[in-house]
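# Observations on chain architecture
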Amino acid sequence: MTPATGPETRPADAADVPGYRSDLLDALVRVMGLWSGGDLMASIARREGVDLDAPAIVVMTVLWRHGPRRPSDVAEHLSTGASNVSKILGRLEARVLVERRPDPADARASRVHLTPAGVDVARRFVEGGDRLVDELLAGWEVSDRRALAVLLRRLETATEDHLRRS
């Protein structure tokens, strides 16, 4: 190795931090799995008196956070097929938590909207999730909580940018 290419001349970066790559990826995958898994969602739902299965909860929170969506957009957000979303929406429509309305941009299409009862259920679930985050981070400094939120948003943006380029 020449001095120009040897490790002593390489700038220190994340790749030089022992365990960074595997530990970070392992923790990220584990946290995503826990937060998107049915057990945690069911726990929050029970605490909030929400009687829905995990896929229905995800649909409700997508509509709560992002507003009315076409069923195909909901399927894309959930990384699932249209037939699966159709079944979930059917269950939610039967409970009068969502309704389909014509899409103002395309009369052939529909958008899924939360009903007033659906807004209440989604709000309760999201607020329950917020309370759980507060509980989990109870011993953290406010500055650490803010830093976590900023860093997670940066990771989200970088991931979205990567997907757009791929």
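The structure displayed is predicted, hence computed values, not measured ones.

On to the overall build of the chain, then. Regarding its fold elements, the chain presents 7 helices and 2 strands. Start at the N end of the chain and walk to the C end: the helices and strands fall as α-α-α-α-α-β-β-α-α. For the chain, the residues scored as buried account for 23% of the 166 residues in total. Contacts in the chain between residues at least 24 apart in sequence constitute 49% of all its contacts with a sequence separation of at least 6. Surface summary for the chain: the accessible area is close to 11400 Å², and the carbon and sulfur share equals 57%.

Attention now moves to the side chain of His-113. Mapped onto the elements of the fold, His-113 is located in strand β2 (residues 106-114). Overall, His-113 belongs to the buried group, its relative accessible area being 15%. A polar atom in the side chain of His-113 sits 3.2 Å from the side chain of Arg-101. Dropping the residues within four chain positions of it, His-113 is found in contact with Pro-68, Leu-97, Val-98, Glu-99 and Arg-101.

This paragraph deals with the environment of Val-74. Summarising the element assignment, Val-74 is placed in helix α4 (residues 71-78). For the pair Val-74 and Leu-89, spaced 15 residues apart in sequence, the C-alpha separation works out to 9.9 Å. Look past the residues within four positions of Val-74 in its chain and what remains in contact with it is Val-59, Leu-63, Arg-69 and Val-85.

Another point: a nonpolar patch on the surface. Together, Val-31, Leu-34, Trp-35, Val-133 and Leu-136 make up a nonpolar patch on the protein surface, roughly 420 Å² of accessible area in all. Summarising the element assignment, Trp-35 is placed in helix α1 (residues 20-36).

Our next topic: the pairing of β2. Pairing of strand β1 (residues 98-103) with β2 involves 6 bridges; the strand directions are antiparallel. In the strand pairing of β2, Glu-99 is matched with His-113. Here β1 hands over to β2 after 2 residues, the two strands then running antiparallel side by side.

Moving on, we get to the packing of helix α3 (residues 54-66) against helix α5 (residues 82-94). With their axes 10 Å apart at the nearest point, α3 and α5 run at an angle of 80° to one another. Our classification of the angle between α3 and α5 gives roughly perpendicular. From α3, Pro-55, Ala-56, Val-59 and Met-60 reach across to α5, where they touch Ile-88, Leu-89, Arg-91 and Leu-92. Across the contact of α3 with α5, the residue classes break down as 7 nonpolar, no polar and 1 charged.

Our next topic: the nonpolar core. Residues Leu-52, Val-59, Met-60, Leu-63, Leu-92 and Val-98 are the most contacted members of the largest nonpolar core, which totals 24 residues. Contributing elements (two or more residues each) for this core: α2 (38-48), α3, α4, α5, β2 and α6 (116-136). For this core, the leading source of residues is α3, giving 5 residues. In this view, Leu-92 contacts Leu-52, Ala-56, Val-59, Met-60, Leu-97 and Val-98; residues no more than four positions away in its chain are not counted.

So, how was this worked out
- Residues numbered from 1 in each chain as written.
- Predicted model: local features only at pLDDT ≥ 70, side-chain atom pairs only at ≥ 80, totals over all residues.
- Heavy atoms only, no water.
- Helix = DSSP H or I, 4+ residues; strand = E, 2+ residues; numbered from the N terminus.
- Buried < 20%, exposed > 50% of the residue type's maximum accessible area, 1.4 Å probe, protein only.
- Contact = heavy atoms within 4.5 Å.
- Areas by Shrake-Rupley, 256 points an atom, 1.4 Å probe, with all protein chains shown as cover.
- Polar contact = N/O pair within 3.5 Å; in protein donor to acceptor, adjacent residues only side chain to side chain.
- Patch = residues over 30% accessible without salt bridge, like charges linked within 9 Å, V, L, I, M, F, W, Y side chains within 5 Å.
- Salt bridge = Lys/Arg side-chain N within 4 Å of Asp/Glu carboxyl O.
- Pairing = 2+ DSSP bridges.
- Axes fitted to C-alpha atoms, helices over the stretch in contact; angles between N-to-C directions.
- Parallel < 35°, antiparallel > 145°, perpendicular 65-115°, else oblique.
- Nonpolar A, V, L, I, M, F, W, Y, C, P; charged D, E, K, R; others polar.
- Core = buried A, V, L, I, M, F, W, Y, C linked by side-chain atoms within 4.5 Å.

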